[in-house]
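Remarks on the overall topology
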Amino acid sequence: MSIEIKLLPNTTASVMEPVQLVTTVVLILVFLNGSQAASPHIVFIVADDLGWNDIGFRNPQVLTPHLDKLAKAGVILNSSYVQPVCSPSRNCFMTGYFPYHTGLQDGVIRPTSPGFVPIKFTFLPQKLKELGYSTHAVGKWHVGFCNIKYTPTYRGFDTFVGYYTGAEEYYNHTRGYDKFSGYDLRFNTSVYTEAKGKYSTHVFAERAVDIIKSHDKNTPLYLYLPFQAVHAPLEVPPEYEKLNDHIHNLTRRTYCGMISALDEAVANITNALEETGLIDNLLLVFTTDNGGPFHGAANNLPLRGTKATLWEGGTKGTGFIYSKTLLKKTGYLNTGMMHAVDWYPTLVELAGGKNTDPNMDGVSQYDMLIIGGPSKRNEFVYNIYDKTNSSAIRYGDLKLMRGSPGAHSGWVPLPTSGESSDTQDSQFQFPPYMLYNITSDPTEHFDLSAKYPELVTMMKQRLENWEKTRVPAYQPPNDPKSNPDLYGGNWSPGWC
Ligand SMILES: *[C@@H]1O[C@H](CO)[C@@H](O)[C@H](O)[C@H]1NC(C)=O
Ligand SMILES: *[C@@H]1O[C@H](CO)[C@@H](O)[C@H](O)[C@H]1NC(C)=O
Ligand SMILES: *[C@@H]1O[C@H](CO)[C@@H](O)[C@H](O)[C@H]1NC(C)=O
Ligand SMILES: *[C@@H]1O[C@H](CO)[C@@H](O)[C@H](O)[C@H]1NC(C)=O
Ligand SMILES: *[C@@H]1O[C@H](CO)[C@@H](O)[C@H](O)[C@H]1NC(C)=O
Ligand SMILES: *[C@@H]1O[C@H](CO)[C@@H](O)[C@H](O)[C@H]1NC(C)=O
Ligand SMILES: *[C@@H]1O[C@H](CO)[C@@H](O)[C@H](O)[C@H]1NC(C)=O
């Protein structure tokens, strides 16, 4: 169009007809608008403690029709790794750093322990705000709250509805820990009592729908949505349990009911995204934070081990991405290797930015996820524990484990109505180092360490190299100043 304008003679006689002029202006506006492709909206959904075998597209026992539909129309992530437990994985989503580089490698932040992710790490929503995003967090925080500066609206989120600790009751939002007990639900920094008595999956889905419906389409949205579901305690409104009448074991039926409620929540959210048109320029990410805990009736078959172990059952996460418009290739299983730390640089690239931190562990998987190309990653650290030195690393096909992989090392069967299916850990004797070929043996049945000592030596060297940058774990002892009674019965900042 600009060419046409330049060719216009500079005389009044040949000025464009009014209609032609209007058309030209409109076309120029459309062209300009199209040339500055607006940054996509991002909805990042985290399920808590959802096992590998706890989703309909892998296990027809589990009723997740909406999630299945999105996954099948999107890309199922078949090698997307997370940390063995909650806070460390959330640390990865927020910082792009492995927890052994931030001090969170030894476990979760307990309600009474003044743990946090150091302020020197810029959280993803802070970075996205620089790129023009509106940022909202809805659900579980669990990366520190003993000082207000560690809470969501001080770490990059415009708003927050959710809870600070790692678990609580689903209806009354109370968390008991040690001798203490308190209410844990906030709107921004204020205690949010209006939701008392309301099931959290409903609270969070409604909040997400509100955000979506009141959002100005022209501003890119980052909605971080870490649901409470399906972490213990196992509580679900009866209608969702009824949907799962085909499951005889009550614990499993309740757990699967919680998954059904989560599925409905995601349906409500995607409906709102459709209604508002946000879906036309949006990436939806769905991931678990760690493997399923067997004692809560979650299931990771055919993988070995459970939540809190270095086995694949603790660390290989259920996940998929969906977009109506942004993905070059859809409807397939992506086997490319990625890790939770990769979301940060990937989403920054998607948002039109660039990760400028050379030390970051995460690498952008934009090419793999959006274009359908190969993974940029050939190795990663499952974890390097500080106090025990237990660790596991991956290099290509190979996985090396040092020390204990964690309690519960079996292949826990699906719960049935019968006796408990806990595995007898005493039956396993582990050598100091184990070597698995995850490509040929994804279920970790064959330790190759005795067969390939030279590969063990090579992998040990790689582990020692990774280990050089380990920082000490920060797991401060329980502090009585955390007592909710000191803050009107609420788990609150103000004690570190
Ligand atoms: C939360 O914070 C946002 C941004 O400052 C503000 O617009 C909103 O009104 C706050 N909501 C509540 C309930 O405090
Ligand atoms: C919260 O709900 C749980 C489970 O129903 C119950 O055991 C607990 O006593 C309740 N706590 C409060 C403070 O209401
Ligand atoms: C989904 O929306 C429907 C209709 O508003 C509502 O009845 C239902 O409770 C919502 N489900 C969840 C999980 O929020
Ligand atoms: C862990 O490794 C360090 C450094 O190699 C060593 O000093 C320490 O004793 C080890 N700790 C355990 C519990 O094995
Ligand atoms: C249901 O399954 C759980 C988890 O495997 C098990 O602990 C429990 O004993 C089973 N319950 C019944 C009634 O069979
Ligand atoms: C691991 O398994 C893959 C797939 O079967 C195979 O190509 C590779 O050679 C194996 N690596 C080793 C060291 O055995
Ligand atoms: C997907 O992962 C599972 C579990 O590790 C594995 O058994 C399966 O072979 C993988 N699928 C592909 C196509 O690689």
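Residues numbered from 1 in each chain as written. Chains lettered and ligands numbered in written order. Predicted model: local features only at pLDDT ≥ 70, side-chain atom pairs only at ≥ 80, totals over all residues. Heavy atoms only, no water.

As a structural note, the neighbourhood of ligand 7 is formed by Trp 52, Asn 78, Leu 303, Lys 316, Leu 333, Thr 335 and Pro 442. Contacts to ligand 7 include Asn 78, whose side-chain N or O atom sits 2.4 Å from an oxygen atom. In the environment of ligand 7, an oxygen atom lies 2.5 Å from a nitrogen or oxygen atom belonging to the side chain of Lys 316. Relative to its free-state accessible area of 360 Å², ligand 7 is covered by the protein chains to the extent of 59%. Split by residue class, the shell around ligand 7 holds 4 nonpolar, 2 polar and 1 charged. (Near = heavy atom within 4 Å. Polar contact = N/O pair within 3.5 Å; in protein donor to acceptor, adjacent residues only side chain to side chain. Areas by Shrake-Rupley, 256 points an atom, 1.4 Å probe, with all protein chains shown as cover. Nonpolar A, V, L, I, M, F, W, Y, C, P; charged D, E, K, R; others polar.)

Another aspect to go through is the sheet that holds strand β3 (residues 80–81). In sheet architecture, strand pairing relies on hydrogen bonds along the backbone and comes in two forms, parallel and antiparallel. Reading across from one edge, β12-β3-β15 is the order of the 3 strands in this open sheet, with mixed pairing throughout. The strands lining the two open edges of the sheet, one partner per strand, are β12 (316–317) and β15 (338–339). Pairing of β3 with β12, which is carried by 2 bridges, proceeds in the antiparallel orientation. The residue of β12 that forms the bridge with Ser 80 is Gly 317. (Pairing = 2+ DSSP bridges. Helix = DSSP H or I, 4+ residues; strand = E, 2+ residues; numbered from the N terminus.)

A word on the pairing of strand β1 (residues 41–47). Where burial is concerned, most of β1 is hidden: 7 out of the 7 residues are buried. Here β1 shows no split at all, with His 41, Val 43, Ile 45 and Ala 47 on one side and Ile 42, Phe 44 and Val 46 on the other all buried. One ladder, built from 7 bridges, connects β1 with strand β11 (residues 282–288); its direction is parallel. Paired with Val 46 across the strands is Thr 287, a residue of β11. Judged from the 5 bridges that link them, β1 and strand β10 (residues 221–226) form a sheet pairing that is parallel. (Buried < 20%, exposed > 50% of the residue type's maximum accessible area, 1.4 Å probe, protein only.)

Among the 6 residues that make up β10, 6 are buried, leaving the element largely enclosed by the rest of the structure. The side-chain alternation of β10 yields two buried faces, one formed by Leu 221, Leu 223 and Leu 225 and the other by Tyr 222, Tyr 224 and Pro 226. Pairing analysis gives 4 bridges linking strand β4 (residues 134–140) to β10, with the strands arranged parallel. Across the sheet, the residue bridging to Ser 134 is Leu 221, located in β10.

Our next topic: the packing of aromatic side chains. One pass over the structure, following the stated rule, counts 28 aromatic pairs. Both rings, one in Phe 160 and one in Tyr 164, keep their centres 5.9 Å apart while their planes meet at 10 degrees; by these two values the pair is stacked. Note on accessibility: Phe 160 and Tyr 164 belong to one class, buried. Grouped by ring-pair contacts, the aromatic residues Phe 44, Phe 93, Phe 123, Trp 141, Phe 145, Phe 157, Phe 160, Tyr 164, Tyr 222, Tyr 224, Trp 343 and Trp 495 constitute a single cluster. Over the ring of Trp 311 we find Arg 304, and its NZ or CZ is 3.9 Å from the ring centre. (Phe/Tyr/Trp six-rings, centres within 6.5 Å; stacked < 30°, edge-to-face > 60°. Lys NZ or Arg CZ within 6 Å of the ring centre and 35° of its normal.)

Bringing the environment of Tyr 171 into the picture now. Its location among the elements puts Tyr 171 in the loop between β5 (159–163) and β6 (174–177). Taking relative accessible area as the criterion, Tyr 171 reaches 29% and is therefore assigned partly exposed. Spatially, the C-alpha atoms of Tyr 171 and Val 203 are 9.6 Å apart, while their sequence positions differ by 32 residues. When neighbours within four sequence positions are excluded, Tyr 171 is seen to be in contact with Ala 195, Lys 196, Gly 197, Lys 198, Tyr 199, Glu 235, Val 236 and Pro 237. (Contact = heavy atoms within 4.5 Å.)

Before going further, it helps to spend a moment on helix α8 (residues 250–276). With 27 residues, α8 ought to run about 39 Å at 1.5 Å a step, and its terminal C-alpha atoms sit 39 Å apart, in line with that. When you tally the buried positions in α8, you get 19 out of 27 residues, the bulk of the element. Capping the start of α8, Asn 249 holds a side-chain oxygen 2.9 Å from the backbone nitrogen of Thr 251, two or three residues further along. Positive phi appears at Gly 277, one or two residues downstream of α8, with a value of about 80 degrees. (Expected span 1.5 Å × (residues − 1).)

This part is about helix α3 (residues 65–73). Buried within α3 we find Leu 67, Asp 68, Leu 70 and Ala 71. The buried residues of α3 occupy an angular sector of 165 degrees when the element is viewed end-on, so they sit on one face. Opposite the buried face of α3, by more than 90 degrees, sit the exposed residues Lys 69 and Lys 72. Where α3 is buried, its residues contact β2 (75–77), α8, β11 and β13 (319–322). (Arc of directions from axis to C-beta.)

Here we take up the packing of α3 against α8. Working note: a packed helix pair is described by the angle between its axes plus the distance between those axes. Where α3 meets α8, the axes come as close as 7 Å, and the angle between the chain directions of the two elements is 60 degrees. Between α3 and α8, the angle is such that the two are oblique. The segment α3 lies against α8, with Pro 65, His 66, Leu 67 and Leu 70 engaging Asp 263, Val 266, Ala 267 and Thr 270. A class-by-class count of the residues in the contact of α3 with α8 yields 5 nonpolar, 2 polar and 1 charged. (Axes fitted to C-alpha atoms, helices over the stretch in contact; angles between N-to-C directions. Parallel < 35°, antiparallel > 145°, perpendicular 65-115°, else oblique.)

So, about the domain arrangement of the chain. The domain boundaries assigned to the chain delineate domain 1 (36–377 + 474–487) and domain 2 (384–467). A separation of 26 Å is found between the C-alpha centroids of domain 1 and domain 2. Taken together, the contact pairs 28 residues of domain 1 with 35 residues of domain 2. Taken together, the two surfaces of domain 1 and domain 2 that pack against each other cover about 2700 Å², and 58% of this comes from carbon and sulfur. (Domains from an automatic or database assignment. Buried area = accessible area lost by both parts, 1.4 Å probe.)

Right, let's get into the state of the cysteines. Throughout the structure, instances matching the rule amount to 1 disulfide. The disulfide partner of Cys 146 is Cys 496, and the gap between their sulfur atoms is 2.1 Å. The sign of the 70 degrees torsion about the S-S bond sets the Cys 146-Cys 496 disulfide as right-handed. With Cys 146 in the loop between β4 and β5 and Cys 496 in the segment after α12 (453–467), this residue pair connects regions lying 350 residues apart in the sequence. Unpaired in terms of disulfides, Cys 92 finds its nearest cysteine sulfur in Cys 86, a separation of 12 Å. Exposure remark for Cys 92: the relative accessible area of 0% places this residue in the buried category. This cysteine, Cys 256, is not joined by any disulfide, and Cys 86 carries the nearest cysteine sulfur, 19 Å off. Accessibility expressed as a relative area gives 0% for Cys 256, which makes it buried. (Disulfide = S-S within 2.5 Å.)

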